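Single-letter residue listing:
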Amino acid sequence: MVRYGIDKDYEKAKKIWEECFKDSLEEVEFYFKNLYDKHKYLLLEENDEIKASLHENPYRLNINGTTFDSQYIVGVAVSPEYRGKGYMDELIKESLKGARDRDIPFVYLSPINPEIYRKYGFEYVTRLDKYLSLTQDIPYNKIEKAYEIKRVELNSEDEIYSDLIEIYNYKMREYFLYVERDEKYYRDWIREIRSDGGEVYTLYLGENIEGYVALYRREKLEVREIFSKNRRGLENLLAFLKTFKEYYPELEIINPVDNILEYVFTNQKKLIKKDYPFIMGRVVNPLEILKMLNIYDIEMKIQITDSIILENNGIYSFNKDGELKFETTGEWDIKIDIGDFSTLIFGLLSLDELIYLEKLEVKDEIILKNIKEKDIFNLKKNYIQDYQ
């Protein structure tokens, strides 16, 4: 039987998390105290034993300016003695179908092994940049006196959270897909970072916030996120990081994919940059996602195949007035699987790359030419960096 959690499942859910994942005691305690919700804890049970479980954590996403409810699937777990029997397969399918029934058009997760999830229609939709450097090689030595660094405390005033939101929204202007962050988000975010030994610092110029940085002091200085409105603010945040050089000689920065940090470090040869995939997404309702693209002035028919949510199978047709219609059968111009559809929509690969990899089938070359000319399915920048 597949069901959502009830009160008696709390301790068992916590035990399953502890035996299946490598999180610290502090991280586990934080999650189950602040984020666990029995109504979002989906499990498969037989003879009063939980065979498999996952957590469907709610988030608000923004795609191309449209906001909607989504869910971040975390804690996908099967206790060792029940593995290899198909329990998780059944549970993931139920989760996807349930999301469709609740009008959630898109779900996502951060995989340990992406091959596990591709068969369920998940594909990578975001990437992150990782920068490695010696802390002493930061090319900025002093924080300008006009700037003020403030540490964000758990009991900080509400205005601090409004300021964090301001910086984040400023940064996200150039991104196609991202998480909507509000005051509750940032309060939980600060608690999560603090529970894991990290800190968040803000940068002010007078009364105005100019940026912030989230960091951990571990074996190296690890920066989870560093955002600023402008280059001057970013240089001062980096100068702040350099003050840790005596105790943390190595620096690691994780940030959205772009070229800004690379060129703020004036000697790029002292900086190692790595780009890696992070979040896999799954389109649960293609019709609703296609509506968010605001496609018009082109006629095209896309056939989508979905082996799990069968009602998604069919032809999605656009006319020049931007009207979108769904039919179960009919002629098509391009054909794509539901997983590769995410790659197409979120711009991780170009049309030509998808065709080369035999992930996109083209019947009408003229339509393909029109799609390219209108730059409909172009490469895009997406950002999600949440862990639970």
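Just so it is clear, the model here is predicted, and its values are computed rather than measured. For every chain, the first residue of the written sequence is number 1, and numbering continues from 1 along that sequence. Given that the model is predicted, a residue must reach a pLDDT of at least 70 before its local features are reported, and side-chain atom pairs must reach 80 or more before they are shown or counted; all residues, however, enter totals for whole chains, interfaces and linings. The side-chain figures draw on all heavy atoms in the structure; neither hydrogens nor water molecules are used.

**Quick look at the sheet that holds strand β12 (residues 221-228)**
In space, the 7 strands of this open sheet follow the order β8-β10-β11-β12-β13-β7-β14, with mixed pairing throughout. Where the open sheet ends on each side, the last strands, each with one partner, are β8 (147-151) and β14 (272-277). Within this sheet the neighbouring strands show an average axis-to-axis angle of 25°, counted without direction. If DSSP finds at least two bridges between two strands, the strands pair. Numbering of helices and strands starts at the N terminus; helices are DSSP runs of H or I of at least 4 residues and strands are runs of E of at least 2. When strand β10 (residues 198-205) meets strand β11 (residues 208-217), the two strands line up antiparallel, connected through 8 bridges. For L203, the partnering residue across the bridge sits in β11 and is G211. Only the contacting stretch of a helix is used when fitting its axis, a line to C-alpha atoms as for every element, and angles between N-to-C directions run 0 to 180 degrees.

**Overview of the sheet that holds strand β16 (residues 300-305)**
Spatial strand order, β18-β17-β16-β19-β20: 5 strands in an open sheet with mixed pairing. Only two strands of the sheet have a single neighbouring strand rather than two, namely β18 (324-327) and β20 (360-362). For this sheet, the mean angle separating the axes of adjacent strands, direction not counted, is 20°. With 5 bridges joining them, β16 and strand β17 (residues 314-318) adopt antiparallel strand pairing. Bridge pairing in β17 links I302 to Y316. In the packing of helix α10 (residues 338-345) onto the sheet, the strands contacted are β16 and β19 (334-337), and the crossing angle to β19 comes to about 110°. Note on definitions: a residue-residue contact is assigned when non-hydrogen atoms from the two residues lie within 4.5 Å.

**What about the pairing of β16?**
Relative to β19, β16 is paired through 4 bridges, and the arrangement is parallel. Across the sheet, T305 pairs through a bridge with D337, a residue of β19.

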